[in-house]
Amino acid sequence: QVQLAESGGGLVQAGGSLRLSCAASGSIASINFMGWYRQAPGKQRELVASIASGDSTNYADSVKGRFTISRDNAKNTVYLQMNSLKPEDTAVYYCNAYIVQATSNRQFSYWGQGTQVTVSS
């Protein structure tokens, strides 16, 4: 059993910062792709940022220069540092990870429960 637990969401004024964390726990052999998605009301879920096992990163154009994704492999944790937040960043943010289970040696995609980020103008 593998679980992802997110934390760090909340309410912030425009221009402010938040840091999201997502910790994986359970029977883990290795973690490959880790990413953050978001879904605003009435919109499709979109990829915000991702980081591969070799630490290569990818960002949505809308967050480049403002958000930074990083990972701590020793803690099986991925972070999203969000600076210069805008009201249009308001959404539920979801963590996603492709994890190889230690028990089966098979890779599965896992999702966190989501954390609300609200940016007021």
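What you are looking at is a predicted structure, and each value in this text was computed from that prediction instead of being measured. Per chain, residue numbering runs from 1 following the sequence as it is written. pLDDT decides what is reported in this predicted model: residues at 70 or higher carry local features, side-chain atom pairs at 80 or more are listed and counted, and totals for whole chains, interfaces and linings draw on all residues regardless. Excluded from the side-chain calculation are hydrogens and water; included are all heavy atoms of the structure.

### Details of the overall build of the protein chain
At step 1: The secondary structure content of the protein chain amounts to zero helices and eleven strands.
At step 2: Where helices and strands are cited, they refer to DSSP runs of H or I of at least four residues and of E of at least two residues respectively, numbered from the N terminus. Its helices and strands taken in sequence order, the protein chain reads β-β-β-β-β-β-β-β-β-β-β from the N to the C terminus.
At step 3: In this description the radius of gyration comes from C-alpha coordinates, and the expected globular size is given by 2.2 Å times residues to the power 0.38. For the protein chain, the C-alpha radius of gyration of 14 Å lies close to 14 Å, the compact-globule estimate for 121 residues.
At step 4: Taken along the three principal axes of its C-alpha coordinates, the protein chain extends 50 × 25 × 25 Å.
At step 5: By definition in these notes, contact holds between two residues if any of their heavy atoms fall within 4.5 Å. Residue pairs in contact within the protein chain that sit at least 24 positions apart in sequence constitute 56% of those at least 6 positions apart.
At step 6: Accessible surface, the protein chain as shown: approximately 6200 Å² in total, 45% of it carbon and sulfur.
At step 7: In this tally, Asp and Glu contribute negative charge and Lys and Arg positive charge; neither His nor the terminal groups of the chain are included. Working definition for charges: the position is that of NZ of Lys, CZ of Arg, CG of Asp or CD of Glu. Considering the protein chain, the positive charge centre built from 10 side chains and the negative charge centre built from 7 side chains are found 2 Å apart. We get accessible surface area from the Shrake-Rupley algorithm with a probe of 1.4 Å; when it comes to residues, only the shown protein chains can shield them.

### Some thoughts on the pairing of strand β11 (residues 115-120)
At step 1: Burial classification: accessible surface area is computed with a 1.4 Å probe over protein chains only, and a residue below 20% of its type maximum counts as buried, one above 50% as exposed, and the rest as partly exposed. Where burial is concerned, the two faces of β11 differ: the one with T115, V117 and V119 is buried and the one with Q116, T118 and S120 is not.
At step 2: Sheet topology note: the strand β2 (residues 10-13)/β11 ladder contains four bridges and is parallel. Paired with L11 across the bridge in β11 is T118.
At step 3: For two strands to be treated as a pair, DSSP must find at least two bridges joining them. Bridge analysis of strand β9 (residues 91-101) against β11 gives three bridges, and the strand direction is antiparallel. The residue bridging Y93 from the neighbouring strand is T115, located in β11.

### Observations regarding the packing of aromatic side chains
At step 1: Pairing of aromatic rings covers Phe, Tyr and the six-membered ring of Trp, with a centre-to-centre limit of 6.5 Å; geometry is then stacked below 30 degrees between planes, edge-to-face above 60, and tilted otherwise. In the structure shown here, the tally under the stated rule is three aromatic pairs.
At step 2: Consider the rings of F108 and Y110, whose centres lie 6.4 Å apart with planes at 65°: the pair is edge-to-face.
At step 3: Note on Y110: relative accessible area 14%, which makes it buried.
At step 4: Across the ring face of Y79, the terminal group of R19 is positioned such that the distance to the ring centre comes to 4.0 Å.
At step 5: As a reminder, the over-ring test applies to NZ of lysine and CZ of arginine, requiring each to be within 6 Å of the ring centre and within 35 degrees of the ring normal. Across the ring face of Y94, the terminal group of R45 is positioned such that the distance to the ring centre comes to 3.8 Å.

### Remarks on the nonpolar core
At step 1: W36, L80, M82, Y93 and I99 are the most contacted members of the largest nonpolar core, which totals 32 residues.
At step 2: Looking at this core, the elements that each hand over two or more residues are β1 (2-7), β3 (18-26), β4 (28-39), β5 (46-51), β7 (67-72), β8 (77-82), β9 and β11.
At step 3: Per-element tally for this core: the top contributor is β9, with five residues.
At step 4: Setting aside its immediate chain neighbours within four residues, Y93 contacts E6, L20, W36, Y37, R38, V48, F67, L80, M82, G114, T115 and V117. Think of a nonpolar core as a cluster: buried Ala, Val, Leu, Ile, Met, Phe, Trp, Tyr and Cys residues, connected wherever their side-chain atoms sit within 4.5 Å.

### Focus: the side chain of S21
At step 1: Inspection of the secondary structure assignment puts S21 in strand β3.
At step 2: S21 sits in the buried class, given a relative accessible area of 17%.
At step 3: Excluding residues within four positions of it along the chain, S21 makes contact with A5, E6, S7, W36, V78 and Y79.

### Structural notes on the sheet that holds β7
At step 1: Taken together, four strands build an open sheet; the order of strands is β1-β3-β8-β7 and the sheet is antiparallel. If you trace the sheet from one side to the other, it starts and ends with β1 and β7, each paired once. Here the strands of the sheet are splayed against their neighbours by 15° on average, with no regard to which way each runs.
At step 2: One ladder, built from six bridges, connects β3 with β8; its direction is antiparallel. Paired with C22 across the bridge in β8 is V78. Where helices are involved, their axes are fitted lines through C-alpha atoms of the stretch in contact, as for all axes, and angles between N-to-C directions lie from 0 to 180°.

Just geometry here; none of it tells us what the structure is for.
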